[in-house]
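So you can see what is in the structure, the chains are spelled out below.
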Amino acid sequence: MKKKKKGVSYGKYGYMFIAPFFIAYLLFQLWPLINTFYYSTLEYYKRNGREFSSFAGIQNFLNVFGLAPGEKAYVLQYLGNTVTMWVMNFIPQILVSLLLAAWLSNQKIKLKGTGAVKVIIYLPSIITAASVSVLFHALFSQYGPITKTLQNIGIISPTYDFMASTMGTRGLISLILFWMWYGNTTLLLISGIMGIDPGLYEAADIDGAGGWQQFRYLTLPLLKPIMLYVLVTSAIGGLQMYDIPALFNPTSTGLVGQPNDTSTSVTMYIMRLYNSDVGKAATVSVVLFAVTLVISLILFSTMGDKEEKRLAKAERRRAK
Amino acid sequence: MKMKKFVALMMAAATATSLFAFPVFAADEAETEPENVITGDAESDDAFVVWGWNDDIKKILDGPFAEAHPDEYSRIVFVNTGGSDYYQTKLDAVLDDPSNPLYPDLMGLEVDYVQKYVGSDWVMNVADLGITADDCANMYQYNIDLGSDADGNMRAMFWQATPGSIQVRADLAEKYLGTTDPTELAAKFADYDTILQTARDVNAASGGTCKLFSGYDELKRILMNSRTVGFYDDSDVITLDENVTKYFELAKTMYDEELTYNTAQWSADWYANMDGDGETSNAALAYFGCPWFTYWSLTGEAWKGQTILVPTPAQTFWGGTGLAATANCADTELAATIMKFFTCETDSMVAINALNADFVNNKEAVAKIIESGASADGNGMLYPDAGQNFIEFYLPQADGIDASTVTAEDQTILSLLDTQVQAFTTGEKELDVALADLKAAIHDTYSYLSVE
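Because the structure is a prediction, the values reported are computed rather than measured. (Residues numbered from 1 in each chain as written. Chains lettered and ligands numbered in written order. Predicted model: local features only at pLDDT ≥ 70, side-chain atom pairs only at ≥ 80, totals over all residues. Heavy atoms only, no water.)

Another aspect to go through is the interface of chain B and chain A. Contacts between chain B and chain A engage 56 residues on the former and 64 residues on the latter. Counting the surface lost from both chain B and chain A, the interface buries some 5300 Å², and carbon and sulfur atoms represent 57% of this. At the surface where chain B touches chain A, the tally comes to four salt bridges. Among the ionic pairs, Lys72(A) bridges to Asp437(B), the shortest N-O distance being 3.0 Å. Secondary-structure elements contributing two or more residues to the side of chain B that touches chain A are helix H1 (2–20), helix H5 (111–118), helix H18 (410–425) and helix H19 (431–445) of chain B. Examining the composition of the side of chain B that touches chain A, we find that nine residues originate from one element, H1(B), more than from any other. Per-class residue counts for the side of chain B that touches chain A are 23 nonpolar, 18 polar and 15 charged. (Contact = heavy atoms within 4.5 Å. Buried area = accessible area lost by both parts, 1.4 Å probe. Salt bridge = Lys/Arg side-chain N within 4 Å of Asp/Glu carboxyl O. Helix = DSSP H or I, 4+ residues; strand = E, 2+ residues; numbered from the N terminus. Nonpolar A, V, L, I, M, F, W, Y, C, P; charged D, E, K, R; others polar.)

This is the structure we're talking about:
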C-alpha cells in the first residue's frame, strides 16, 4: 500500500541549495576528469599549433612506464621526486604540529598569547606560493645572504651551492612546504584535541597519569580521525605539488626542476607535456590519479578506526 | 529512502574524486605566470591588439611610429605578457579563440619559437597583406629564412639583425688583461682554447674576484647558433651537432677549473656580476651579446662608456623578434602599415636606430646610419678610446649569418640541454649518458621526434 504523504516536504529545497555547486562541479571538474581518461587513450600531440589525434589504446601507458621500445619511464622518476619532497616535508611537519598543538591546547600550563601564536604560524600559508618561492630562492641562491652566511660561519663549504645540489634543492622545497603548512596542520590538530572530552583528562589525572602518558594514551588515539584527515589531504596536495618546485629552481622555461631533473614534480611534467603531447599529459594525469587513490585507500584502511568498525559489526549482528 | 542515500553517496563520491584528480585542462598555472600588462582600450570597436613578451615593440610604437602615424597609433592596444618563458602558453590559448577581445592582430615572435608559428595556421602570409619581395629587398637573408615556412612563404618579418659579439668591460680588461685595444682583445677570444686560457689569466690576475664570464653558458649561444645541423633532421630524427658536445666539454672545463661563477643567464646573480668592481665585489669581465643586448641588458653604470666589442670565435647571432599578422587579423591594412614601418621602410628603420641604437634589418638603412654617424658610440655605451663604431663593427658579423639550424622547438630543447650540461659539469653524469639523456628527454617531450 502506498504511504500517505504527511505535511510539506522540505527535502527538495535542500537539493536546490546544493544544486549550483554540483552543476558547476559536473561541468568544470567531473567532465574534464572524464575527458582526461578519454584523452589518455589517444595519440594526441601538437606540432606547430596544429593538433593531431588518433586512437592509441594503451600505447600511452606503455610509453610512460617505459614498456615500449625507446621510451623511458620518466613518470616513475618524477613520482619519486615528488614523494621524496612530500615525505621530507610531512614528517617534520606532523611532529612539530603535534607538539605545538599539544602545548597550545594544554589547559594546565596556561601559555600566554596562544591566540597570537596561532595567527602567526598560520600566516605563511596566506602568502602566494609564487612570492614564497622567489623569496626563498633569493635567500638561498648561490650568492644569497643565507648561503653566504652559512659559508662564512663554516656550516657549509665555501663552494656549496644549494641550487646545484639535489639534496639542497629538495630540502629547501620541503622546508618551504613545511613552513607554509605547519600552521594550518597545527590548527587542525588543536581543533581535534579540543574535541576530546576534558573529563577523560581529569580521570587520567586522578589515576596518576603524567603529561606524556596522557598524550600517548589519550590524545594520540583520540586524535586519529583528524590525523587521518590531515594525512590524506596532505598526501593529495603533496602529490600534486606544483607552484613551489616550478618556481623555486627550474630552468628558464619553468618546466625542468634543477639540478639534473631531480626537483621536477609530476605536475610540472604534466605541464611540460601539455604544450606538446596532450595524450601523454592525460596519461600521466591518470597515473597520478591512480597513485593518489591507492595511497589514500591504504591510509584509510590502515588508519581507519578498527575498534569502531568492530563495534558497529557487533551492533548489527545483535540487531538481527 | 534508499534513493536518497544513493544520491547522497554519489555526490560525496563525485566530490571526493575531484580531490584526487589533476585533470589535464584544469591545471592551475595562473599563479606561476606573470600578469599581462595591457595598455589601451581593448573593448573599443577599432582596437588593434599587439602582443609582445616585453615592451621592446611598444617602445618603437610609442616613439617613431606614433610620430609618423598618430591616428593609427591611437587604436593600438598593447599586451605585454611580462616574460618570454610563458609567452607561448598564453599566446596559444588566445590564438585558438578569435572572439577573445585580446586576440592579437599582430604579435611579436622570438627566434627560439618563431618557426613554430610560421609553420602554423595561426599567422598570415605577408603576401596577403600586400607586402612584396621588393619591400623586403634590403633585409638580411637569414631573417627572411627565419620568417618563412617550409614552402618559402614569408609569414614573420624582423626589424633587427642580431649578429653576436663578446662585450668586454674596459676597466676590468685594463686591470686584468692589461689592454683595452680591440685588436689585442680580439686575439684573446680568437678560438675556444684561447678563451679558456684568457679565463685562466683573468682568474689568476684577480685572485678570483673577477672572472672572464659570469657563467659558462655565455658560450652557449655562440656554439648553438653556429651549428651546422639543427636538433633534428628532415626525417625528424634527433641530431646533435658536434658543437653540442663541444659545449658540454667547454662547460666542464670551466666548471672544474672554476673559471666562471657558474651563474645561469638572466638570473639575479648573473645580473649582479655586471655591476661588481672586480675587487671587493665579484664581477664578470665579458658577456656574450649582440646589438640589442647593449641597449637592453648591459645598461648598468659600470658599462656606460666602458663597452668594447670583440668578434666571437664563430659567426653567430642571438635572438631577434619577428612580427606576424594573425589569421583573423581585424585590420590587415594597419598590420601591413606597422610591419612595413618596422621592417621595410628605410627612413623609419633609421628612426628605430635613433631610438635605441639597434642594428636594423635593412642594409640600406644601415648604410645610411653609418654614413650619418648615428649611434656610432652605441648611444654612449662604447668605450671611446677603443675608437669603435657600434654599427660598423657588426657589418661583417651580420653578413652571412646562417639560421638554417633553428627549429620550432628550440626554446624547450635548449632548456632541456641546460639541465644535462649542469648534470655533466657537476660530475653527476658521464658525457655519453648526458647526451643520451638529452635525446631521450627531447623525444619524451616531442614524441614526433625520434631517437635513432
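Back to the write-up after that little detour.
Quick look at empty space enclosed by the protein now. The full count for this structure, using the stated rule, is four cavities of 30 Å³ or more. Roughly 360 Å³ of internal volume is contained in the largest cavity. Asn275(A), Gln88(B), Lys116(B), Thr412(B) and Tyr446(B) are the residues nearest the centre of the largest cavity, which is lined by 26 residues in total. Of all the secondary structure elements, the ones that give two or more residues to the lining of the largest cavity are strand S1 (42–47) and helix H12 (266–274) of chain A together with helix H4 (87–95) and H18 of chain B. (1 Å grid on protein atoms, 1.4 Å probe; cavity = no way out; pocket = protein on both sides within 12 Å on 5 of 7 lines; lining within 4 Å. Points joined across faces, edges and corners; volume = space filled by probe spheres on them.)

Moving on: unusual backbone geometry. All names here are of chain A. The omega torsion of the bond from Gln258 to Pro259 falls at -15 degrees, within 30 degrees of zero and hence cis. Along the chain, the position of Pro259 falls in the loop between helix H11 (243–248) and H12. A positive phi angle, near 50 degrees, is found at Asn48, a position not held by glycine. With respect to the element layout, Asn48 can be found in the loop between S1 and strand S2 (50–55).

Our next topic: the packing of helix H11 (residues 242–256) of chain B against H19(B). Residue and element names in this part refer to chain B. The geometry of H11 relative to H19 is characterised by a closest axis approach of 11 Å and an angle of 130 degrees between their N-to-C directions. As far as their axial angle goes, H19 and H11 are oblique. Read as a crossing pair, H11 and H19 show a hand that is right-handed. Where H11 approaches H19, its residues Val244, Thr245, Phe248 and Glu249 are matched on the opposing element by Leu431, Ala434, Leu435 and Leu438. (Axes fitted to C-alpha atoms, helices over the stretch in contact; angles between N-to-C directions. Parallel < 35°, antiparallel > 145°, perpendicular 65-115°, else oblique. Left-handed = near helix turned anticlockwise from the far one by under 90°.)

In short, geometric facts, not functional conclusions.
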